[in-house]
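Spelled out, the chains give:
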Amino acid sequence: MSRAAALLCALLSLACAAPPPVPPRGWSSWNVLACNFSDAVLRLRVDALASLGFVAAGYVYFDVDDCWLACDAAHRSPDGSCSDARAGRDASGALVADPVRFPDGIKALADYVHSRGMRFGMYLSAGNTTCSGFAGSWGHFAADAAFCAAAGADLVKLDGCGLSADPARGRLARDAAYPALGAALRATGRDIVYSCDSDELLRNVNNTEWPWLWGPRAGCDLFRVSGDMKDLWPEVVGRVSRSVNVAAFTGPDKGWADLDFLSVGQGAQSDDEYAAQAALWALLASPMILGVDPVALEADLAAGGARGARANATLALLLNPELLAIADDPLGAQAQRWPLTLDGVGEMWAKPLAFNASRARAGAGGGSPGPRRPPGGWAVGSAFAVGIWNRGVVPVAPALGLQDLFGDHNGGGTWLFAVSARDVLGRRDLPDAGEFFAPPEPLRAHAVGLYVLRVESAVCVSSCDHNDDDDY
Ligand code: GLA
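Bear in mind that the values here come from a model prediction, so they are computed numbers and not experimental data. (Residues numbered from 1 in each chain as written. Predicted model: local features only at pLDDT ≥ 70, side-chain atom pairs only at ≥ 80, totals over all residues. Heavy atoms only, no water.)

Quick look at the overall build of the protein
At step 1: A count of helical and extended segments in the protein gives 15 helices and 16 strands.
At step 2: Within the protein, buried positions represent 55% of all 472 residues.
At step 3: For the protein, long-range pairs separated by at least 24 residues make up 75% of all intrachain contacts whose partners lie at least 6 apart in sequence.
At step 4: Per element, the accessible surface of the protein, about 18300 Å² overall, is 56% carbon and sulfur. (Helix = DSSP H or I, 4+ residues; strand = E, 2+ residues; numbered from the N terminus. Buried < 20%, exposed > 50% of the residue type's maximum accessible area, 1.4 Å probe, protein only. Contact = heavy atoms within 4.5 Å. Areas by Shrake-Rupley, 256 points an atom, 1.4 Å probe, with all protein chains shown as cover.)

Okay, structure coming up:
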């Protein structure tokens with residue numbers, strides 16, 4: 001939503017905030033720094049994100065997670081967490097940023113972030129404390145929203161810590177806390193993305209009412225669908241499995257299902273696994289918030305050798321413009337799992353795309369953006385991003401029946417179809433497909449093949465029962 005629209009909504013007390021039109025991209029302090037940061041440490045990350053090309057590629061949210069609030073020295077643990085939240089508010093109840101970490105205040109960092117072309121993200125928690133023991137926002141939602149807006153926040157994440165662990169009371173607190181901060185953020189008149197992280201509720205309160213059901217009602221622009229991401233392959237598998245049947249609940253009009261930070265580049269998984277993760281996050285229209293340390297990436301590049309090669313692979317993946325175009329597709333559809341069995345170990349996720357031939361395949365002769373549909377049949381111009389995922393460890397190369405994907409041509413007659421195929425991760429055109437498409441090489445263990453498939457032409461060969469020209 002534009003700033004002017006946000007202001008108008010606030011003035012008229014209207015709940016008319018809309019989610020960002022595409023899932024946000026950026027970086028968060030949590031995965032690699034946890035509570036070990038200072039203003040200076042964070043500025044180095046801002047600089048590295050800019051110089052590595054992430055900011056230009058749309059990773060613009062710079063999110064400072066938990067641990068930015070004050071905690072007196074006597075209650076600070078060696079890991080930086082806090083055992084007494086009281087120092088996080090002043091006598092009037094206003095939030096106090098840690099004066100040791102932020103000698104010039106939190107706004108000075110926000111200003112620096114803005115000066116480098118990024119947007120500033122801040123963290124709050126819904127209960128009495130944050131997950132790392134700092135001051136929580138329960139009872140202070142309006143004042144804390146105003147504090148964040150005044151500090152220059154463009155995104156606020158509300159965590160679920162510090163609420164009652166009793167299921168019934170936890171649910172009540174959730175139903176009060178998340179909508180209250182949403183309304184308070186809108187009332188500031190600032191255009192702020194509202195990121196709802198209810199993982200504590202999912203875990204502790206046995207919440208069976210999933211965040212994609214209540215998140216949009218609570219005004220959440222992003223709603224976390226899982227616990228915290230660790231740099232482990234099963235974490236990817238679990239999140240994607242949970243995303244079956246969520247597509248109807250996400251999109252630019254509802255909000256984005258947040259699979260949590262990308263662990264790509266953190267080091268514990270294979271390059272194929274990281275490529276699969278990035279492809280799946282783009283297909284599932286999740287926010288893509290980096291967990292990797294950009295300063296470590298710079299050091300790896302400088303070291304060269306195997307370290308440098310891996311850092312280069314990480315950058316090529318995360319900055320791949322064709323993958324990011326899928327993430328940014330204006331239709332905003334979340335991929336759905338398609339019927340496909342790869343010997344019980346694989347699956348296909350397909351995301352309908354709005355973009356046309358000139359982006360799907362450079363030099364493919366353009367094509368009109370809107371689909372043209374032969375009677376009863378295929379739509380020329382319709383395109384899907386398709387992820388064929390080998391969840392197992394034995395290489396596979398399944399053939400897809402494209403008729404299943406693009407629809408039946410049961411209007412009568414015999415049609416010949418040409419479907420262009422672009423290998424997004426390999427950055428190459430593949431031979432046009434007819435009614436079947438297969439990955440050009442077998443997919444290795446855990447790999448995703450990511451392709452853009454687009455109907456280029458549908459030509460009637462004989463007996464087509466329609467009164468238009470035959471070629472579309
Ligand atoms: C929770 C959240 C994480 C992170 C930590 C900070 O675990 O889910 O994303 O914000 O708290 O303490």
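Read on, since the account is not over.
Let's talk about the pairing of strand S4 (residues 155–159)
At step 1: Burial of S4 is extensive: 5 of the 5 residues sit out of reach of the surface.
At step 2: Alternating residues of S4 divide into Leu155, Lys157 and Asp159 and Val156 and Leu158, and every residue in both groups is buried.
At step 3: Pairing of strand S3 (residues 119–125) with S4 involves 5 bridges; the strand directions are parallel. Of the residues in S4, the one forming a bridge with Gly121 is Leu155.
At step 4: Remark: the S3/helix H5 (residues 141–151)/S4 crossover connection has right-handed handedness.
At step 5: Pairing between S4 and strand S5 (residues 193–196): 4 bridges, direction parallel. Considered in S5, the bridge of Leu155 is made with Val193. (Pairing = 2+ DSSP bridges. Right-handed = clockwise from strand over helix to strand, strands pointing away.)

So, the site of the ligand
At step 1: As a structural note, the neighbourhood of the ligand is formed by Trp30, Asp65, Asp66, Tyr123, Cys131, Ser132, Lys157, Asp159, Asp197, Asp199, Arg224 and Asp228.
At step 2: Contact between the ligand and Asp159: an oxygen atom at 2.9 Å from a side-chain N or O atom of the residue.
At step 3: In this structure, Arg224 approaches the ligand through a side-chain N or O atom, which is 3.1 Å from an oxygen atom.
At step 4: Here the ligand, which alone exposes 310 Å², has 96% of that area covered by the protein.
At step 5: Split by residue class, the shell around the ligand holds 3 nonpolar, 1 polar and 8 charged. (Near = heavy atom within 4 Å. Polar contact = N/O pair within 3.5 Å; in protein donor to acceptor, adjacent residues only side chain to side chain. Nonpolar A, V, L, I, M, F, W, Y, C, P; charged D, E, K, R; others polar.)

Focus on the side chain of Asn390
At step 1: Note on placement: Asn390 falls in strand S11 (residues 383–390).
At step 2: For Asn390, a relative accessible area of 0% gives the class buried.
At step 3: One polar contact links the side chain of Asn390 to the main-chain amide nitrogen of Gly392, over a distance of 2.9 Å.

Remarks on helix H3 (residues 39–51)
At step 1: For H3, with 13 residues, the first-to-last C-alpha span of 18 Å sits near the 18 Å given by 1.5 Å per residue.
At step 2: Among the residues of H3, Asp39, Leu42, Arg45, Val46, Ala48 and Leu49 are the ones counted as buried.
At step 3: If you follow the buried residues of H3, they end up packed against strand S1 (25–28), helix H2 (30–33), strand S2 (59–63), helix H4 (106–115), strand S8 (288–290) and helix H11 (294–303).
At step 4: At the exit of H3 stands Gly53, carrying a positive phi of roughly 95°. (Expected span 1.5 Å × (residues − 1).)

Digging into the sheet that holds strand S6 (residues 222–224)
At step 1: Strand order in the open sheet made by the 8 strands is S7-S6-S5-S4-S3-S2-S1-S8, with parallel pairing throughout. Two strands close off the open sheet at either side, each with one partner strand: strand S7 (256–258) and S8. Strand-to-strand twist in this sheet, taken as the mean axis angle between neighbours without regard to direction, amounts to 25°.
At step 2: Along the sheet face, H4 touches S2 and S3 and points at about 145° away from the line of S3. (Axes fitted to C-alpha atoms, helices over the stretch in contact; angles between N-to-C directions.)

Section: the packing of H11 against helix H12 (residues 305–318)
At step 1: Where H11 contacts H12, the axes come no closer than 6 Å and their chain directions differ by 130°. When the axes of H11 and H12 are compared, the pair comes out oblique. In terms of crossing hand, the pair formed by H11 and H12 is left-handed. Where H11 approaches H12, its residues Leu297, Ala299, Asp300, Leu301 and Ala303 are matched on the opposing element by Gly305, Arg307, Gly308, Ala311, Asn312, Thr314 and Leu315.
At step 2: A per-class count over the contact of H11 with H12 returns 6 nonpolar, 4 polar and 2 charged. (Parallel < 35°, antiparallel > 145°, perpendicular 65-115°, else oblique. Left-handed = near helix turned anticlockwise from the far one by under 90°.)

Some remarks on a nonpolar patch on the surface
At step 1: Side chains of Trp210, Leu213 and Phe249 sit close together on the surface and give an oily, nonpolar patch of about 230 Å² of accessible area.
At step 2: Mapped onto the elements of the fold, Trp210 is located in the loop between helix H7 (199–204) and helix H8 (211–214). (Patch = residues over 30% accessible without salt bridge, like charges linked within 9 Å, V, L, I, M, F, W, Y side chains within 5 Å. Salt bridge = Lys/Arg side-chain N within 4 Å of Asp/Glu carboxyl O.)

Considerations on the side chain of Asp221
At step 1: Mapped onto the secondary structure, Asp221 falls in the loop between H8 and S6.
At step 2: Here Asp221 sits buried without a salt bridge, and the closest side chain of opposite charge, Arg186, lies 7.1 Å off (N-O distance).
At step 3: Those residues in contact with Asp221, other than ones at most four positions away along the chain, are Ala18, Pro19, Pro20, Ile192, Val193, Tyr194, Gly255 and Trp256. (Lys, Arg positive; Asp, Glu negative; His and termini not counted.)

Describing the pattern of salt bridges
At step 1: In total, this model carries 30 salt bridges according to the counting rule given.
At step 2: The salt bridge involving Arg86 is made with Asp84; its shortest N-O contact spans 2.6 Å.
At step 3: Relative accessible area serves as the criterion here: at 65%, Arg86 is assigned to the exposed category.
At step 4: Close ionic contact of Asp423 with Arg428 constitutes a salt bridge, the shortest N to O distance being 2.9 Å.
At step 5: Exposure remark for Asp423: the relative accessible area of 7% places this residue in the buried category.
At step 6: On the basis of relative accessible area, Arg428 is assigned to the partly exposed category, the value being 31%.
At step 7: Among the charged side chains, a network of salt bridges with common partners joins Asp65, Lys157, Asp197, Arg224, Asp228 and Asp260.

So, the state of the cysteines
At step 1: Following the criterion strictly, the structure yields 4 disulfides and no others.
At step 2: Residue pairing for Cys35: its cysteine sulfur links by disulfide to Cys67, the two sulfurs lying 2.0 Å apart. Of this pair, Cys35 sits in the loop between H2 and H3 while Cys67 sits in the loop between S2 and H4, placing them 32 residues apart in sequence. When sorted by exposure, Cys35 lands in the same class as Cys67, which is buried. (Disulfide = S-S within 2.5 Å.)

Remarks on the environment of Pro352
At step 1: Checked against the element boundaries, Pro352 lands in strand S10 (residues 346–353).
At step 2: As a C-alpha pair, Pro352 and Val386 span 34 residues in sequence and 8.6 Å in three-dimensional space.

So far we have only geometry, and geometry alone does not tell us how the molecule works.
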